[in-house]
Amino acid sequence: MTNTPAVSVVMPIYNASDFLKESLGGILQQTLKNIEIICVNDGSKDDSLEIMQRYAYNDKRIKIIDKPNGGYGHSMNAGIKIATGEYIAILEPDDFVDNNMLEVLYDVAKKNDADVVKSNYYSYVSQPEPQSTYYEVLKEYDLYDQVFRPVEHPEIFRVRPCIWSGIYRREWLLENHVSFAETPGASYQDTGFAFKVWASAERALLLRDA
């Protein structure tokens, strides 16, 4: 590993103990090993913090921010503020990712000097029976596998935010002040962030895979 992580994974966590072991345990299995995981405990009242601490004890790539409840946007900004990776990824604690997700996205981003790389995704439910549904939310934009400037393709602004299905170059986020609204709770901060991403990116790329 180099001193600089390839990807910083920011996890905003609030009362997520039901999902956290699968979500956090899974991100540690990534084929891209040179990562850091920033767990932002947003004033959880369950045992989420204890779960994070147990994982962090065994894996030094995990950093924990423990703070009073400030909402989703405040947690994301706090995580990005201390991140050191080339790229930022977002993992919400009720999601989980394929083991090669970060390696695939990072390789594409580096090869194309991209500000943002986004993929499609699966929606997963466990009850009454496990089921995964592929969502090709990027299909109608016909921009796969090519670098493009989003403001020249205004239709891309209509895509679902799904901000957790991509990675974002950290220095570019900071230089362009692309951050989250710190409104209470989880009130559409992802929508504002996604809009800022498309409005600011000079080099974006979409992948068909989920």
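Now for a description of the structure that goes with this document. Model, not experiment: these values are computed from the prediction. Residue positions are given per chain, counting from 1 as you read along its sequence in written order. Local features are withheld for residues below a pLDDT of 70 in this predicted model, meaning they are given only at 70 or higher, and side-chain atom pairs are given and counted only at 80 or more; totals for whole chains, interfaces and linings count all residues. No hydrogens and no water enter the side-chain calculation; it runs on all heavy atoms of the structure.

**Overview of the environment of leucine 207**
- Looking at the secondary structure, you find leucine 207 in the segment after strand 9 (204-206).
- Contacts of leucine 207, omitting those with residues within four sequence positions, involve Val104, Leu105, Val108, Val117, Lys118, Ser119, Asn120, Leu138, Tyr144 and Asp145. Only DSSP runs of H or I covering at least 4 residues are called helices, and only runs of E covering at least 2 are called strands; the numbering of each starts at the N terminus. Every residue pair with non-hydrogen atoms within 4.5 Å of one another is taken to be in contact.

**Topic: the packing of aromatic side chains**
- Aromatic pairing here means that ring centres of Phe, Tyr or Trp (its six-membered ring) are within 6.5 Å. Orientation follows from the plane angle: under 30 degrees is stacked, over 60 is edge-to-face, and everything else is tilted. Under the criterion given, the structure shown has 9 aromatic pairs.
- Judged by centre distance (5.3 Å) and plane angle (80 degrees), the rings of tyrosine 168 and phenylalanine 193 are edge-to-face. Taken together, the residues tyrosine 168 in strand 8 (residues 166-169) and phenylalanine 193 in helix 6 (residues 189-200) connect sequence positions 25 residues apart.
- Exposure classes here rest on a 1.4 Å probe applied to the protein chains alone. A residue is buried below 20% of its type maximum, exposed above 50%, and partly exposed in between. According to the relative accessible area criterion, phenylalanine 193 is buried, its value standing at 1%.
- Note on phenylalanine 180 and phenylalanine 193: the rings are 4.2 Å apart at their centroids and 5 degrees apart in plane angle, and the pair reads as stacked. One end of the pair, phenylalanine 180, is in the loop between helix 5 (170-175) and helix 6; the other, phenylalanine 193, is in helix 6, and 13 residues separate them in sequence.
- Following the ring pairs from residue to residue traces out a cluster consisting of Tyr72, Tyr168, Phe180 and Phe193.
- The criterion for a charge sitting over a ring is simple: Lys NZ or Arg CZ within 6 Å of the ring centre, and within 35 degrees of the ring normal. Positioned over the ring face of tyrosine 57 is lysine 60, at 5.8 Å from the centre of the ring.

**A word on the sheet that holds strand 9**
- Pairing within the open sheet is mixed, and its 7 strands lie in the order 3-2-1-4-8-5-9. Because the sheet does not close on itself, it has two edges, and the strands there are strand 3 (62-67) and strand 9. Here the average twist between neighbouring strands, direction ignored, is 20 degrees.
- By this definition, two strands are paired if DSSP reports at least two bridges between them. With 3 bridges joining them, strand 4 (residues 87-90) and strand 8 adopt antiparallel strand pairing. The residue of strand 8 that forms the bridge with tyrosine 87 is arginine 169.
- Of the strands in this sheet, strand 4, strand 5 (116-118), strand 8 and strand 9 are in contact with helix 6, which crosses strand 5 at around 120 degrees. For helices, the axis comes from a line fit to the C-alpha atoms of the stretch in contact; other axes are also lines fit to C-alpha atoms, and the angle between any two N-to-C directions lies between 0 and 180 degrees.

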